[in-house]
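Results of the structural survey
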Amino acid sequence: MSDSPVSIHKLDQLNETERKNLLQRTENDLSTFMDKVIPIIEAVRCDGDKALADFANKFDKSPITADQIRATPEEFAAARASVDQELIETLKFAAGNIRLFHEKQMPETLALHETHAGVLVGDRWNAIDSVACYVPRGKGSFPSSVLMTAIPAKVAGVKKVIVITPPGPDGTVDPATLVAAEIAGVSDVFKCGGAQGIAAVAYGTKTVPKCDKVVGPGSPWVVAAKKQLSSVIDPGSPAGPSELIIFSDGTVPPELVALDLCVESEHGPDSSVFFVTDNEEFARAVASHVPSYWSQMGDVRAQYSRTVLTGQRGGIVVAGTREEAFAYVNDYAPEHLAVLADNAWQYLTRFEHAGEILLGSHSAISVANFVLGPSHVLPTGGAAKTTSPLAVFDFLKRTSIASLTEGAYQGFAAHAERLARYEGFDGHANAVSAIRNQALRSPAKSV
Ligand SMILES: NC(=O)c1ccc[n+]([C@@H]2O[C@H](COP(=O)([O-])OP(=O)(O)OC[C@H]3O[C@@H](n4cnc5c(N)ncnc54)[C@H](O)[C@@H]3O)[C@@H](O)[C@H]2O)c1
Ligand SMILES: N[C@H](CO)Cc1c[nH]c[nH+]1
Ligand SMILES: [Zn+2]
């Protein structure tokens, strides 16, 4: 039991610096990528589609040419024919749940409140014009990410939704990604990933349309390019390497926690996954079960998981008290938080910061990752302290709407004039002092 290689970090044995280090993610230090993406971005800005093809050759080993960046109707048809019918049914099942959840999330288009007699103020929500959904391909294929990004955008009413994704070594888009795009109602899919894909939608190329916003998860190249281009395109939330914290009070089988530790840790060596508990005996039991689950995974995924769970950005955190366990989770602000307990709901109010909180053994991380409804694109790197999961709100913006009657205006104008004079704005003050000259404001008398 004690010879499990899973890291065990005892909070009360850490000094302040060590505790701080345990909260770090790979994405918190993008310094090695920030400079390297600049020439890639510049090449796309200057050479457009030709640069996209060159980078696809170089980074994706994909033999495409500048005139093959867009996925053709024939490629969609071939994808439809090659993807297993049951998988298509599953993609449709997921799409239905994602659509339903986001439809229910939509705010009223116009919400007005009468704050005083004759004063109507409120919000109008409307969609942004164009969005690019980034779908990764480097470490697997992610048709689920197409659904989790494009469907909320469509529900919000975005007119132009496109997908960008790295092409494979055969020069095509992953077939299930194309089928998922079709199910989501997206017909514009472009073969460009990494920093070059982000640059393409930021500046536009002959083939790839310039977009107002880019969403979706990606490698550090993608996250670094989003940061570099944040004044050119709205980069949305970072959505970097997947991360998970599991909290348990020891009232579930340790095997369950061990299995869940292998979930997000198999994404890549840069993921971060911890089990946090105040029960050391239970922690050691969990650690003892993990290696047997690695042996049930493919070599590459098992190695990613092993790297994460035996290193400094993963494993088990043993807190001295339950309060310290809650405090650690809140400081960490994980992307996903799974609460595994007999009565998981009792802990909900203890967790302030997380992209998603899954309560109880049946609210499985994999169900939420793939088919439940809420988007799996969630804030990473601690961004859950201030930001929210991808949702319809990311594709909408608010405009404040106001309307005053003549009677209401009388009650506001003198106050506005006084504040305008104090701030030294004569033009502002003069405009409202027309209160003394009603003719200027009354349509009936204005001509
Ligand atoms: N937060 C979320 O919602 C969420 C969801 C799914 C996946 N993820 C994360 O997304 C990530 C996906 O990883 P991936 O590798 O599949 O992403 P990816 O497909 O974005 O990465 C591959 C791309 O990176 C670029 N690249 C690779 N090597 C390069 C180099 N040497 N120089 C320049 N560019 C280079 C290439 O353009 C390549 O196409 C994982 O970290 C996973 O954990 C996050
Ligand atoms: N865990 C990812 C979000 O962090 C979603 C995903 C897609 N495929 C597998 N997992
Ligand atoms: Zn996952």
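Residues numbered from 1 in each chain as written. Chains lettered and ligands numbered in written order. Predicted model: local features only at pLDDT ≥ 70, side-chain atom pairs only at ≥ 80, totals over all residues.

Our working definition: UniProt positions are given in the numbering used here, feature names are shortened, and annotations may be inferred rather than shown by experiment.
Per an unreviewed UniProt entry, the protein chain is named Histidinol dehydrogenase, and its organism is Rhizobium daejeonense. According to UniProt, the comment filed for the protein chain under the heading Cofactor (unreviewed entry) is "Zn(2+)". Per its UniProt entry, the protein chain bears the Sequence similarities (unreviewed entry) comment "Belongs to the histidinol dehydrogenase family."

**Quick look at the overall build of the protein chain**
Just so we agree on the cut-off: The helix count covers DSSP runs of H or I at least four residues long, the strand count covers runs of E at least two residues long, and both are numbered beginning at the N terminus. For every residue, the other C-beta atoms within 10 Å of its own C-beta are counted; 20 or more classify it as buried, 12 or fewer as exposed, and values in between as partly exposed. C-beta atoms are placed from the backbone. Contact between two residues is assigned when their C-beta atoms, built from the backbone, lie within 7 Å.
When you go through the protein chain residue by residue, the secondary structure sums to 16 helices and 13 strands. Principal-axis analysis of the C-alpha atoms places the extent of the protein chain at approximately 90 × 60 × 45 Å. Residues counted as buried form 44% of the 447 residues belonging to the protein chain. For the protein chain, the share of sequence-separated contacts (at least 6 apart) that also reach a separation of at least 24 residues comes to 74%.

**Re the site of ligand 2**
What counts, and what does not: The criterion for a residue being near a molecule or strand is a backbone-placed C-beta atom within 6 Å of that molecule or strand. Each residue is assigned to one of three groups, with Ala, Val, Leu, Ile, Met, Phe, Trp, Tyr, Cys and Pro labelled nonpolar, Asp, Glu, Lys and Arg labelled charged, and all others, Gly among them, labelled polar. Start and end points for every domain follow an automatic or database-based domain assignment.
Phe142, Ser144, Ser145, Ser242, Glu264, Glu335, Asn369 and His376 make up every residue found near ligand 2. Its residues placed into classes, the shell around ligand 2 shows one nonpolar, five polar and two charged. Looking at which domains feed residues into the shell around ligand 2, each of domain 1 (8–25 + 241–372) and domain 2 (31–107 + 127–237) gives three or more.

**Some thoughts on the packing of helix 3 (residues 37–59) against helix 9 (residues 220–228)**
Spelled out, the test is: Only the contacting stretch of a helix is used when fitting its axis, a line to C-alpha atoms as for every element, and angles between N-to-C directions run 0 to 180 degrees. Should an angle fall under 35 degrees it is called roughly parallel, over 145 degrees roughly antiparallel, and 65 to 115 degrees roughly perpendicular, with every other angle called oblique. Here is the rule for handedness: rotate from the far helix to the near one, and if that takes an anticlockwise turn smaller than a right angle the crossing is left-handed, while a clockwise turn gives right-handed.
Closest axis-to-axis distance for the helix 3/helix 9 pair is 10 Å, and the angle between their directions is 70°. Put simply, helix 3 runs roughly perpendicular to helix 9. Classified by chirality, the crossing of helix 9 by helix 3 is right-handed. Across the interface between the two elements, Val37, Ile38 and Ile41 of helix 3 pack against Trp221, Ala224, Ala225 and Gln228 of helix 9. A per-class count over the contact of helix 3 with helix 9 returns six nonpolar, one polar and no charged.

**Description of the site of ligand 1**
Taken together, 29 residues are adjacent to ligand 1, and Gly138, Pro166, Gly193, Gly194 and Pro217 come closest. When contributions to the shell around ligand 1 are tallied by element, the ones reaching two or more residues are helix 8 (194–203) and helix 9.

**Some remarks on the domain arrangement of the protein chain**
By domain assignment, the protein chain separates into domain 1 (8–25 + 241–372), domain 2 (31–107 + 127–237) and domain 3 (405–445). Using C-alpha coordinates to define each centre, domain 2 is positioned 51 Å away from domain 3.

**Focus: the nonpolar core**
So the rule is basically this: As used here, a nonpolar core is made of buried Ala, Val, Leu, Ile, Met, Phe, Trp, Tyr and Cys residues. They are joined through C-beta atoms within 7 Å.
Of all hydrophobic cores here, the largest spans 73 residues; its most connected members are Cys133, Leu147 and Ala150. Beyond its immediate stretch of four places on either side in the chain, Cys133 contacts Val146, Thr149, Ala150, Ala153, Val161, Val163, Val215 and Gly216. Val257, Ala258, Val273 and Ala384 belong to the second-largest nonpolar core, a separate cluster that totals 42 residues.

**Quick notes on the environment of Val121**
Of note, Val121 is situated in strand 3 (residues 119–127). On a C-alpha basis, the gap between Val121 and Ile401 in space is 5.7 Å, while along the polypeptide they are 280 residues apart.

**A closer look at the sheet that holds strand 11 (residues 336–340)**
Let me state the cut-off plainly: We call two strands paired when DSSP finds no fewer than two bridges between them.
An order of 1-10-9-8-11-12 is seen for the six strands of this open sheet, with the pairing classed as parallel. Edge strands, defined here as strands with exactly one partner in the open sheet, are strand 1 (8–10) and strand 12 (356–359). Within the sheet, the average angular offset between the axes of one strand and its neighbour, ignoring direction, is 20°. Note that strand 11 and strand 12 share four bridges and pair parallel. Across the sheet, Ala338 pairs through a bridge with Leu358, a residue of strand 12. Together, strand 1, strand 9 (272–277) and strand 10 (314–318) form the strand contacts of helix 11 (residues 280–294), whose direction differs from that of strand 10 by roughly 165°.

**Quick word on the environment of Pro136**
In this fold, Pro136 is placed in the loop between strand 4 (130–134) and helix 6 (143–156). Judged by local crowding, Pro136 falls into the buried class, with 23 C-beta atoms found within 10 Å. C-alpha of Pro136 to C-alpha of Met148: the two residues are twelve residues apart in sequence and 13 Å apart in space. For Pro136, the residues in contact, after removing those within four places along its chain, are Phe142, Ser145, Pro217, Gly218 and Ser219.

**Structural notes on unusual backbone geometry**
Phi is positive for Lys61, which is not a glycine, with a value near 55°. By the element assignment, Lys61 lies in the loop between helix 3 and helix 4 (73–82).

**Focus on the environment of Thr387**
Looking at where Thr387 falls in the secondary structure, it is placed in the loop between helix 14 (365–370) and strand 13 (396–404). With 17 C-beta atoms counted inside 10 Å, the residue Thr387 sits in the partly exposed group. Spatially, the C-alpha atoms of Thr387 and Leu261 are 25 Å apart, while their sequence positions differ by 126 residues.

**Considerations on the packing of helix 5 (residues 85–105) against helix 7 (residues 175–184)**
Direction vectors running N to C along helix 5 and helix 7 enclose 40°, while the axes themselves pass 10 Å from each other. Accordingly, the angle class assigned to the pair helix 5 and helix 7 is oblique. In this structure, helix 5 meets helix 7 at a crossing whose hand is right-handed. When helix 5 is examined against helix 7, the residues Leu87, Ile88, Leu91, Lys92 and Ala95 are found in contact with a partner set consisting of Ala176, Val179, Ala180, Ile183 and Ala184. Of the residues belonging to the contact of helix 5 with helix 7, the class tally is nine nonpolar, no polar and one charged.

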